[in-house]
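The residues making up each chain are set out below.
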Amino acid sequence: MDLKKGLLLLLILFFSLQSFANHLKGGWIQYEYIGPGASPNTSKYTITVKQYLDCSSTATQRDASVYLGIFDSFTNSQYGSTLTISLSGTDKPNKTDFSVCLNNPPIGKVCYYIDRYITTIDLPDNTHGYTLSVQRCCRILNIINLSGNSNSIGVTYTNKIPGTIQGVDYSRNSSPAFAQKDTAIVCFKTPFTFDFSATDKDNDSLSYVFCDGLTGGDMQTPAPNPPSNPPYAPVPYTVGTSGFTGFSPLGPTVKIDPLTGIISGIAPGIVGDYVISVCAYEFRAGILIGITKKEIHLTVADCSLSAAELKPTYITCNGFVLGFQNESTNSTIAKYLWSFGESKFPATNTSSLPTPIHTYKDTGTYSLKLVVTSTGGCLDSATAFVKIYPGFVPDFKVVGNCYLNNFQFLDNTTTQYGIVDSWHWDFGDVTMLSDTASSKDSAWKYVSPQTTQARLIVTNSKGCIDTITKAVNVLDKPILKMAFKDSLICSIDTLALKASISGGLISFTPDNLPNKSRIINANTSNPLVFPKDSTRYFVVLNDNGCMNYDTVTVNVLQYISVDAGLDSAICQTDTFRLKPISQALSYLWKSSTGAIIANTKFPLVQPLTSTRYYVTANLGRCQAIDSVFYKVSPYPKAVIMPDTTICFGSRVLIQGFAIGSSFKWTPTNSLINSNSFTPTAGPSKTTQYILTATDTIGCPKPVSDTILITVIPTIVAYAGRDTSIVADQALQLIATGGTRYVWSPSTGLSNPNIANPIALLGANIDSITYKVSVFDNTGCTAIDDIKVRIYKSQPDIFVPTAFTPDKDGKNDILKPITVGIVQLHYFSIYNRWGQQVFTTTELGKGWDGNFNGVQQSAGTFVFITEGTDYMKNKIFRKGTTVLIR
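Residues numbered from 1 in each chain as written. Predicted model: local features only at pLDDT ≥ 70, side-chain atom pairs only at ≥ 80, totals over all residues. Heavy atoms only, no water.

Attention now goes to the overall build of the protein. Scanning the protein from N- to C-terminus turns up 1 helix and 76 strands. A compact globule built from 885 residues should have a C-alpha radius of gyration of about 29 Å, whereas the protein, at 53 Å, is more than 25% larger. Considered along the principal axes of its C-alpha atoms, the protein spans approximately 150 × 105 × 80 Å. About 44100 Å² of surface is accessible on the protein, with carbon and sulfur atoms providing 54% of the total. For the protein, the distance from the average position of its 69 positive side-chain charges to the average position of its 64 negative side-chain charges is 6 Å. (Helix = DSSP H or I, 4+ residues; strand = E, 2+ residues; numbered from the N terminus. Rg over C-alpha atoms; globule rule 2.2 N^0.38 Å. Areas by Shrake-Rupley, 256 points an atom, 1.4 Å probe, with all protein chains shown as cover. Lys, Arg positive; Asp, Glu negative; His and termini not counted. Charge placed at Lys NZ, Arg CZ, Asp CG, Glu CD.)

In structure tokens:
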């Protein structure tokens, strides 16, 4: 094949696939039993396939024929050849008339082609029944409640002709026929109703539920011939936060009435097409014989009604009060007028509230009417029936416990008005689809143990409908619970064994022959036994073949003893438990002081004086007696003076007192005379000292007291660095480290009792050393000093002519010596190449002979420096210095 032919083939294939895409909007299969077939043991059926397509579908997208596959419902294998059914006719329901109160009506969007394909066939009678299937592709694009590319998802139309169910032949059956009411207008976020009901030719009972839509053909095989064998996979719903499933295709605000097939609720808030699949369950005499599925695509349009919208019926079955609201969400409504149907009471029969609450005077059926007026003057009205029939209470009872037997489901529903007239049971058997019934009382046999929910939907003749759900615990065996698993008695006693059972026959049998006759009422749930020695009893429960087993052991003692314990000493005010040793089951206590004691095995006591306790122990009629004596002594005493605080390096005398046979101090490493009640403490840090008193004669428990000695940390007193000034230069002294300061001597000081006095010294003094005493708030003190040299010259900056940075602590740093200088502008040093190797503006700081971390070689360096003296004169000096190594 050359390139041009290949491209031509691909183009033909592409347009062929496109011709099948983006058009299907659902369909369903109906069958009708005509009578016996032409051959013996055959039946004749008319089969109708209805296929829904978008009204924009082209002629090439509409099928001239469809392929019907027929399969055995048990083996799922195909019967015979595929039937090719030609197009028999077409309906085109198209909504063209819209209310003037409808904003943005969906013109041209509520429209379908419904192509019909009808054939008549003879089928051999088959106990398994038949599955009918037609498969196509593809659906329209952008279906809201499906995930992925919906235009590549196919569809399967399917139905089942029943065979024999529970020994009854149901093959002569016609499936329900869905009403063709598919042009309902559904506006987003707006209340709506959609009639999805069906009629049954055989007058069978129908129950409606949402169910999964099914996949079918694909883009490669748009019309499978033959269709694939069942079962069929569900379409991929957009679950996530939207919550769409086959059983909730329009979200949680839309429901289907199981009795009428009416879909109602608040439409989703997203505009577009949605897959809806409804299964009509067909019951005959309470037996599920078939499920007919219809699937269509429902369009939720971008429209709203300036209208009154009511539910079809309002009913209260538990009172006389009902609240009403306009189910339309249109925001242009300006006025409301409600009429509640009680014309005999005109004063209360109407309301202009948007959401009135009305209390009806009596039971009955009333006509409710709502008239609304929009802001543009558009009028609309709606009516509905209101039924007031309180006193309807659904209830049922479940009898049964073991899966081997039938469970009885008994209706206990009561109604004050009318009669209970329909029941729909769902027994919740997760292993079966046919676990339903429609009789008043019913029975069901579960195939395996499970915990499930049984549901009853019940109605009365007045229109009340309610649902009640109850938990059903399907056990693998009947309930058997023993009050105890073993017990203890005396050989002269009788004991009642007690069992709780769910029903059935029970028996108790001893494990030894001598005690077989020592049991009364062995076949009841509470026999009496009086064995002479320890015996195990086997318990058997039989509930119609459901068995359960258990055992209970009765230990027998010929006599009992009791040991109250050894006499002992305790501390006064202590609480403790008496602990006798005995196998008795009951105890009676008395005390020599008359104090009341609890009659338990281990009572709690608190003797304040020496006491003897008497105990009588009983096991049935067996008895033993003993006593125990407790000597009560007071606690020893230990008392220490209150907590105190000392300065670092100080000592304090501790005053203590104790009553007992001995005492001790801890810790002792910072105590002097630790063997006395008054030791001297000199801790270097805050320390807690403990005095413990012990009494080895009476109360054996030590008693302690403590004292916390808080040590104030060392005061860091600082008077400043030694300095130099010129005569008559004011010097600001600054001390730190405390809260109070005293300088000495006071020579030349402006105030010796502050932290920052000013010193003014004349030429008659060469140098002076000031000492400052620094105090904190607790009175602790420390001392520091500062030496001040007084030069007789004028203010100047002196720089040594040489220095030796050899780290011997002598002349290691080259720094300027400032006299009368209050601010250093700079002190800079340069090498012989003019490179700056050091600079500073800080007084007292100098050069260590290094540059960028590297030692400089010995040699001559140039310095320049400038500062301001205390008289605000600038001092500039320049010269050379020698680095010697």
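That shown, we press on.
With that out of the way, let us pick up the state of the cysteines. If you walk through the whole model with that rule in mind, you get 9 disulfides. Residue Cys402 pairs covalently with Cys546 via a disulfide, S to S 2.1 Å. Taking the torsion about the sulfur-sulfur bond, which here is approximately -85°, the covalent link between Cys402 and Cys546 counts as left-handed. Of this pair, Cys402 sits in the loop between β28 (396-399) and β29 (407-411) while Cys546 sits in strand β44 (residues 546-557), and the two are 144 residues apart along the sequence. Taken individually, Cys402 and Cys546 each receive the classification buried, so the pair is uniform in this respect. Paired through a disulfide, Cys647 and Cys780 show a sulfur-sulfur distance of 1.6 Å. The disulfide joining Cys647 to Cys780 has a torsion of about -100° about its S-S bond and is therefore left-handed. (Disulfide = S-S within 2.5 Å. Buried < 20%, exposed > 50% of the residue type's maximum accessible area, 1.4 Å probe, protein only.)

The next thing to look at is the environment of Ser207. One can find Ser207 in strand β14 (residues 205-210). The buried category is assigned to Ser207, whose relative accessible area is 8%. For Ser207 and Arg136, which are 71 residues apart along the polypeptide, the C-alpha to C-alpha distance reads 28 Å. Non-local contacts of Ser207, meaning those with residues more than four positions away in its chain, are made with Pro258, Cys279, Ala280, Tyr281, Phe283 and His424. (Contact = heavy atoms within 4.5 Å.)

Attention shifts here to the pairing of strand β6 (residues 112-124). Of the pairings in the sheet, the one linking strand β2 (residues 42-54) to β6 comprises 13 bridges and is antiparallel in character. Each residue of the ladder has a partner; that of Asp54, found in β6, is Tyr112. Here strand β4 (residues 83-91) pairs with β6 via 4 bridges, running antiparallel. Paired with Leu87 across the two strands is Tyr117, which belongs to β6. (Pairing = 2+ DSSP bridges.)

This part covers the sheet that holds strand β16 (residues 262-266). Strand order in the open sheet formed by 3 strands is β12-β16-β15, and the pairing between neighbours is antiparallel. Whereas interior strands pair on both sides, the edge strands pair on one side only; in this sheet they are β12 (191-195) and β15 (254-256). Sheet twist, expressed as the mean angle between neighbouring strand axes with direction ignored, is 15°. (Axes fitted to C-alpha atoms, helices over the stretch in contact; angles between N-to-C directions.)

Moving on, we get to a nonpolar patch on the surface. Nonpolar side chains collect at one region of the surface, where Val639, Phe657 and Ile659 lie side by side and expose about 270 Å² of accessible area between them. Secondary-structure assignment places Phe657 in strand β56 (residues 656-659). (Patch = residues over 30% accessible without salt bridge, like charges linked within 9 Å, V, L, I, M, F, W, Y side chains within 5 Å. Salt bridge = Lys/Arg side-chain N within 4 Å of Asp/Glu carboxyl O.)

Taking strand neighbours across the sheet as the criterion, the 4 strands line up as β62-β67-β66-β64 in an open arrangement whose pairing is mixed. Two strands lie at the open edges of the sheet, namely β62 (723-726) and β64 (740-744), each paired on one side alone. Across this sheet, the average inter-strand angle for adjacent strands is 30°, counted without regard to direction. Where strand β66 (residues 767-775) lies against strand β67 (residues 781-791), 9 bridges are found, and the strand directions are antiparallel. In the strand pairing of β67, Phe775 is matched with Thr781.

For the rest of this paragraph, the subject is the pairing of strand β35 (residues 465-474). Strand direction decides the pairing type here: strand β34 (residues 450-460) and β35, joined by 10 bridges, are antiparallel. Residue pairing for β35: Ala454 is matched across the bridge by Lys470. Hairpin connection from β34 to β35: 4 residues lie between these consecutive antiparallel strands, with Gly463 at a positive phi of about 100°.

Averaged over the protein, the pLDDT score is 90; the fraction of residues at 70 or greater is 96%. Confidence over residues 1-21 falls short of pLDDT 50; this stretch has 15 contacts with residues more than four positions distant or in other chains. (pLDDT = per-residue confidence, 0-100.)

Here Cys187 lies in the loop between β11 (177-178) and β12. Spatially, the C-alpha atoms of Cys187 and Arg518 are 82 Å apart, while their sequence positions differ by 331 residues.

Mapped onto the secondary structure, Asp543 falls in strand β43 (residues 535-543). Although buried, Asp543 forms no salt bridge, and the nearest oppositely charged side chain, Lys445, lies 13 Å from it. Beyond its immediate chain neighbours, meaning those up to four positions away, Asp543 contacts Asn401, Asn405, Pro478, Gly503 and Gly504.

Our next topic: the nonpolar core. The biggest cluster of nonpolar side chains holds 26 residues, and the ones touching the most others in it are Phe192, Ile263, Ile276 and Val278. For this core, the secondary structure elements donating two or more residues are β6, β12, β14, β15, β17 (272-284) and β18 (287-300). In terms of residues, this core owes the most to one element, β17, which gives 4 residues. Apart from residues no more than four positions distant in its own chain, Ile276 is found in contact with Phe196, Phe210, Pro249, Leu250, Ile263, Lys294, Glu295, Ile296 and Leu298. With 25 residues, the next largest nonpolar core counts Ala719, Ile725, Tyr741 and Cys780 among its residues. (Core = buried A, V, L, I, M, F, W, Y, C linked by side-chain atoms within 4.5 Å.)

Examined against the element boundaries, Asp493 turns out to sit in the loop between β37 (486-490) and β38 (495-496). Taking relative accessible area as the criterion, Asp493 reaches 8% and is therefore assigned buried. Of note is the side chain of Asp493, whose polar atom sits 3.1 Å from the backbone nitrogen of Arg621. Those residues in contact with Asp493 that sit more than four places away from it in its chain are Val529, Phe530, Leu619, Gly620 and Arg621. (Polar contact = N/O pair within 3.5 Å; in protein donor to acceptor, adjacent residues only side chain to side chain.)

This paragraph deals with the pattern of salt bridges. Under the definition given, this model contains 19 salt bridges. Two residues, Arg139 and Glu295, come together in a salt bridge whose shortest N-O distance is 2.4 Å. Taken together, the residues span a long stretch of sequence, with Arg139 in the loop between β7 (130-136) and β8 (155-161) and Glu295 in strand β18 at a distance of 156 residues. There is no split in this pair, since Arg139 and Glu295 are both buried. The shortest N-O distance in the salt bridge between Lys440 and Asp441 comes to 3.9 Å. A residue is classified by how much of its surface remains accessible, and Lys440, at 39% relative accessible area, is partly exposed.

Considering all chains together, one arrives at 26 aromatic pairs under this definition. Ring plane angle 80° and centroid distance 6.2 Å describe the contact between Tyr31 and Tyr45, whose orientation is recorded as edge-to-face. Of this pair, Tyr31 sits in strand β1 (residues 24-36) while Tyr45 sits in strand β2; the two residues are 14 residues apart in sequence, bridging distant segments of the chain. On the basis of relative accessible area, Tyr45 is assigned to the buried category, the value being 2%. Within the aromatic cluster, the residues linked to one another by ring pairs are Phe396, Phe409, Trp425, Phe427 and Trp444. Geometry around Phe196 places Lys294 over its ring, the cationic atom sitting 5.0 Å from the centre. A cation sits over an aromatic face here: Arg740 above Phe775, 4.0 Å from the ring centre. (Phe/Tyr/Trp six-rings, centres within 6.5 Å; stacked < 30°, edge-to-face > 60°. Lys NZ or Arg CZ within 6 Å of the ring centre and 35° of its normal.)

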